[in-house]
Amino acid sequence: MLWKPLIAAWICGVAMHFLYRPLGRPRLLRAFFPVSENVWEHFKMAFWPLCGAMAFVGVQMGRPWTSISAAAAAAAGFAMLMMFGIFYTYTAGLGVGKNLLWVDIASFAAVMACSYLAGLRVLSRSVTALCGWGSAALLLLLAVLLHRLSFDHPDLPIFREGGF
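In this report, we go over the structure that sits alongside the text.

To continue, consider the overall build of the chain. In terms of regular secondary structure, the chain is built from five helices and zero strands. Against the 2.2 N^0.38 benchmark of 15 Å for 164 residues, the chain shows a C-alpha radius of gyration of 16 Å, consistent with a compact globule. On the principal axes, the C-alpha backbone points of the chain span a range of 45 × 35 × 30 Å. Sorting the 164 residues of the chain into buried and exposed places 43% on the buried side. Computing the positive centroid from 12 side-chain charges and the negative centroid from 6, the chain places the two 11 Å apart.

What follows is the structure in structure tokens.
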């Protein structure tokens, strides 16, 4: 049962990548779907599906909201670090100089699997109310940033097409 939410999260993440333009580029969905080919926008493909998967599994397991919040924050934070780390390691660190579709696809699958497992590990633990509230605040901050920086972002490599 625990692998079904991961597979659903993978499918949702991939679908999110391709749906924004065909849906007519609705302003409301900018916070949820990648709107351009930059590293920051692609984080949305992991953030929302992982948060949903952690919430689903946590509720199914009867875990308290504090554990669910902490698991979602752990999965999302781990995914963010891994996505950005892998992308910039192979493009800049290894000197490839451009993104490669096959590496992006393979790394997305690996990021989702590893982040999901990290979230499950946190979900299995008891979490204090303070940690739960802190995790919820982090998730809210990330959601606000995903929305806000889709409309107005600084001129940094992470927000540029291709990541450079």
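Among the secondary structure elements, F47 is positioned in helix α2 (residues 39–61). Counting along the chain gives 32 residues from F47 to A79, while the straight-line C-alpha distance between them is 7.5 Å. With near-sequence residues (within four places) excluded, F47 lies in contact with A76, L139, L142, A143 and L146.

Residues W40, F43, F47, F84 and Y116 are the most contacted members of the largest nonpolar core, which totals 41 residues. Contributing elements (two or more residues each) for this core: α1 (3–19), α2, α3 (65–93), α4 (101–123) and α5 (129–151). In terms of residue count, α3 provides more of this core than any other element does, 13 residues in total. Not counting the four nearest positions on each side in its chain, Y116 is found in contact with L2, P5, L6, L50, A53, M54 and V57.

A side chain with one charge can pair with a side chain of the opposite charge if their charged atoms come near. Inspection of the entire model under this criterion finds two salt bridges. Linking K44 and E41 is a salt bridge whose minimum nitrogen-to-oxygen distance equals 2.6 Å. Here the residue K44 and the residue E41 both occupy positions in helix α2, the gap between them amounting to three residues, near one helical turn. An identical accessibility class is assigned to K44 and E41; each is buried. Notably, a salt bridge pairs D152 with R148, separated by 3.5 Å at the nearest N-O pair. Among the residues examined, D152 registers a relative accessible area of 45% and is labelled partly exposed. Looking at R148, the relative accessible area reads 45%, which means it is partly exposed.

One pair of aromatic rings is described through two measures. These are the centre distance and the angle between the planes. On inspection of all chains with the given rule, the structure shows ten aromatic pairs. With a centroid separation of 4.8 Å and 50 degrees between ring planes, the pair formed by F32 and W48 is classed as tilted. Of this pair, F32 sits in the loop between α1 and α2 while W48 sits in helix α2, placing them 16 residues apart in sequence. On the basis of relative accessible area, W48 is assigned to the partly exposed category, the value being 24%. Among the aromatic residues, those joined into a cluster by ring pairs are F32, W40, F43, F47, W48, F84 and F159. The cationic tip of R30 hangs over the ring face of F151; the distance from NZ or CZ to the ring centre is 4.6 Å.

This next bit is on a nonpolar patch on the surface. Taken together, the side chains of W3, I7, I11 and L117 make up a nonpolar region of the molecular surface, amounting to roughly 420 Å² of accessible area. For the nonpolar patch, the element with the most residues is α1, which contributes three residues. Summarising the element assignment, I11 is placed in helix α1. A relative accessible area of 55% means that I11 is categorised as exposed.

Cut-offs used in this document
- Residues numbered from 1 in each chain as written.
- Predicted model: local features only at pLDDT ≥ 70, side-chain atom pairs only at ≥ 80, totals over all residues.
- Heavy atoms only, no water.
- Helix = DSSP H or I, 4+ residues; strand = E, 2+ residues; numbered from the N terminus.
- Rg over C-alpha atoms; globule rule 2.2 N^0.38 Å.
- Buried < 20%, exposed > 50% of the residue type's maximum accessible area, 1.4 Å probe, protein only.
- Lys, Arg positive; Asp, Glu negative; His and termini not counted.
- Charge placed at Lys NZ, Arg CZ, Asp CG, Glu CD.
- Contact = heavy atoms within 4.5 Å.
- Core = buried A, V, L, I, M, F, W, Y, C linked by side-chain atoms within 4.5 Å.
- Salt bridge = Lys/Arg side-chain N within 4 Å of Asp/Glu carboxyl O.
- Phe/Tyr/Trp six-rings, centres within 6.5 Å; stacked < 30°, edge-to-face > 60°.
- Lys NZ or Arg CZ within 6 Å of the ring centre and 35° of its normal.
- Patch = residues over 30% accessible without salt bridge, like charges linked within 9 Å, V, L, I, M, F, W, Y side chains within 5 Å.
- Areas by Shrake-Rupley, 256 points an atom, 1.4 Å probe, with all protein chains shown as cover.

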